[in-house]
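# What the coordinates show
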Amino acid sequence: MATATASLAVRKKKKYGGLTPWVFALPGLAVYIAFLVYPSLSSLFFSLTDWDGLSAGYHVVGLENYRAMAEDPVVTRAALNNLIWTVVTITVPMVLGLTLAVLLNGKARGKPLLRMLFYTPGVLPLVSIASIWGWLYNPDYGAVNAALRAIGLDGLTQPWLGQNSTALAAVMVPAIWLRTGFPMLLYLAALQAIPREQYEAATADGATRSQRFWHITMPNLRPAHYIVLALSLIDSFKVFDLIYATTYGGPGTATQVMGTWMYFNVFQYYHAGYGTAIAVVITLVAVAAGIPYVLSQTKERDS
Amino acid sequence: MTGTTYTRRGILGMTGLVLSAAGLSACTGVSDDDSGSGSSGGSNKLRVFTYEDNATIGLLKEQVAKFDQQNGTTTTVDSLPGSGAAVYPDKLRTELLGGAGPDIWRIWGGQIGAPYAKAKQAADLAPYYAKYSWDSKINQNAIAGMTFDGVKSGLPFFVAGVGVWYNKAAFAKAGVSVPTSYAELEEANDKLVAAGVTPCGVAGKYGWDIMRLFEYLLEQSAGPELHDKLLSGAESWDRPEVVTAFANFKKWQDKKWLPDGALGLDPADVEPMYVQGKTAYTITGQWTEAVAIQTANKPSAEFGTFQLPTGHTPLRHSGFVEGYMINAKSGNKDKAAALLDHLVQPDTQKALGNTGSTVAGAEPDKAKLPLSYQWTEIAKQSPFYTIQDQAFPKQQSDQYFSVQSDLLQGKLAPADAAKRMQDIVSAWAKTK
């Protein structure tokens, strides 16, 4: 019996490597626990309190903050804005990035310069981008309205950031502008990895340009699509700084998103408990949205 | 060679254990000890956090260095210039929560400074008021603006008077003179528009800048007594005087007396436009002379300033106080208080170029800052009402700015705006 137990232990050790892997994992695990698990659990706890974010004391209020979210009209507005933002700022940069990548993958002149031009907005600080576009949108002196006036479209000039009807769309334009370069680079790299022989064979078989694109290019770009989609999704959920710096959530609350509303509550209104509850919901939604991507990647690896 | 032999695995294992222990101990690093846990401990080091602009931060550092030299301290001065009341308090709060907050910080009075006092992050300065006789040296109204629930949590050093700052050339171009009544102000606006100049340069991003126009309109329509009661929630906002103020506010935009699309514009871009002549005037405080006029290398003589006419007695203007608080957890409270005392000496205040000092004998230099000096004279005869973003907590201010925004976009009628304001203020009054 003793021999059997010892042999089981040895087998287990062989299979899982005993303590040694844990010792190697410990430094990383400690950092992970200290900087991710602990703050997350602590945030979850504070979302169940009425802490003001400054005082030493607080009361546990259970799920009250989550119930209050359901009655907060700004949360509804912010969630809707997040949804619009996510759909638009994922779809448009992906399509534009892919189009630019296909065009620049051909025999375009000045390719390196064009690539740099399209990618440059992505490396600018978001606060600078907010300032630049704030000036561009100035109703009296900005380039956008000036351009419209110059081509005789005076009727289309607007106070872009100063009215509910156009403010969110106006902030999405710089977001698209700065986020197009990154998918373009990823698609370019993926396009260059597609074997030329596939195109040559298809051309020899009489495939049209469109057929080559849909039957060779697109299937080969599938891994790139996944990466671009996953990173764009994460970026979209994280939206905060561009809106904060461009419109400060206004006019009124017209451009509030969950991230900015969480920030306003935690840092400006001294409702840290409520703001943290918003943060918990954002995290849960982001995790739920990421599950299909993780599953697809796992399936792909298994197959 | 009798030393212990270390294997690579052994070293890695030990490192892992040490890091784990350090990481886990950091997780439980919340201390209940309130004594001396500020940024400077009990050493001779102090840290001041402020929002001085680039034009004035050098002057503050010079005066702090002078104090350091005399007292053997080393003081670091950090500034977040141009951030305004919308951003600076967030940064301060984050620092305080991080456990390494400054020993001294600059802050606005009223509801912006109140949370720090309420949360007991700011020290009670009563012992230092007694020690340095600040009560007899500092303007009493200003002290009231930094006293919360009877506790003197701040030392005010600046009192702002908000009024009109105008470009004389723009006024001359339109043939207008300084208005002495609200009707004359409206007439002047019409003439300025006819002359191709946007009259009033205020902006709506953040809400607080365009608010200065509305609060004036409310003072004009409601009068001093009712205005004060409205701000405290003692009277209902759902009344004709408030409706009139909102109707006038909308009129200012519809008649193009404000910049096009004012709601989406940044005050930092719009306010200085009167210096460039792109607008005729703005509504701001006396710091604009040093920060906007003199920074643009323009002579003060090309500009003028006046109180907005209300037609009421007393004639009041919007105003607010700013001062310093000492970190309740600072290990160097005594030295911090000594530094504050140094900063509020009349000579220091003059050297700092304070355009609205709370200290008697530290009026701005009439030759260098003639327009700011004019406000010192105005303040002697004219009281101020608390600027509205200090009268309300930040959340209620933002809700109020939302009402302003909806009204100017035509989504709310003036009467509905008045009702909405009553809902906001009464809900807040119940929590007080």
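Everything numeric here is computed off the predicted structure, so don't read it as measured data.

Conventions used here
Residues numbered from 1 in each chain as written. Chains lettered and ligands numbered in written order. Predicted model: local features only at pLDDT ≥ 70, side-chain atom pairs only at ≥ 80, totals over all residues. Heavy atoms only, no water. Helix = DSSP H or I, 4+ residues; strand = E, 2+ residues; numbered from the N terminus. Rg over C-alpha atoms; globule rule 2.2 N^0.38 Å. Contact = heavy atoms within 4.5 Å. Areas by Shrake-Rupley, 256 points an atom, 1.4 Å probe, with all protein chains shown as cover. Lys, Arg positive; Asp, Glu negative; His and termini not counted. Charge placed at Lys NZ, Arg CZ, Asp CG, Glu CD. Buried < 20%, exposed > 50% of the residue type's maximum accessible area, 1.4 Å probe, protein only. Pairing = 2+ DSSP bridges. UniProt positions renumbered as here; feature names shortened; annotations may be inferred. Core = buried A, V, L, I, M, F, W, Y, C linked by side-chain atoms within 4.5 Å. Domains from an automatic or database assignment.

## Re the overall build of chain A
- A count of helices and strands for chain A gives 15 helices and zero strands.
- Relative to a compact globule of 303 residues, whose C-alpha radius of gyration would be 19 Å, chain A shows 25 Å and is clearly more extended.
- Across its three principal directions, the C-alpha atoms of chain A cover 90 × 65 × 30 Å.
- Considering only contacts in chain A between residues 6 or more positions apart, those separated by 24 or more positions represent 63%.
- Surface accessibility of chain A: about 16900 Å² in total, with carbon and sulfur atoms responsible for 70%.
- Across chain A, the 20 positively charged side chains and the 14 negatively charged ones have centroids separated by 15 Å.

## Regarding the pairing of strand 6 (residues 155–167) of chain B
All names here are of chain B.
- Burial within strand 6 is extensive, with 13 of its 13 residues counted as buried.
- Two strands pair when backbone bridges link them, and strand 6 and strand 10 (residues 317–326) are joined in this way by seven bridges, in the antiparallel orientation. When the bridges of strand 10 are listed, Gly 161 appears paired with Gly 319.
- One ladder, built from four bridges, connects strand 6 with strand 9 (residues 303–306); its direction is antiparallel. Within strand 9, the position partnered with Val 164 by the bridge is Phe 306.

## Regarding the UniProt feature "domain: ABC transmembrane type-1" (unreviewed entry) in chain A
- The UniProt record annotates "domain: ABC transmembrane type-1" (unreviewed entry) at residues 79–295 of chain A.
- Here residues 79–295 of chain A runs as 74% helix and 0% strand, with 25 Å between its end C-alpha atoms.

## Concerning the nonpolar core
Residue and element names in this part refer to chain B.
- Counting 111 residues, the largest nonpolar core has Trp 105, Ile 107, Trp 134, Trp 237, Trp 252 and Tyr 281 as the members making the most contacts within it.
- No other element matches the twelve residues that helix 10 (residues 208–232) contributes to this core.
- Looking at which domains feed residues into this core, each of domain 1 (45–159 + 320–369) and domain 2 (161–318 + 384–430) supplies at least three.
- Not counting chain neighbours up to four residues away, the residues in contact with Trp 134 comprise Tyr 128, Tyr 129, Ile 143, Leu 155, Ala 337, Leu 340, Asp 341 and Val 344.

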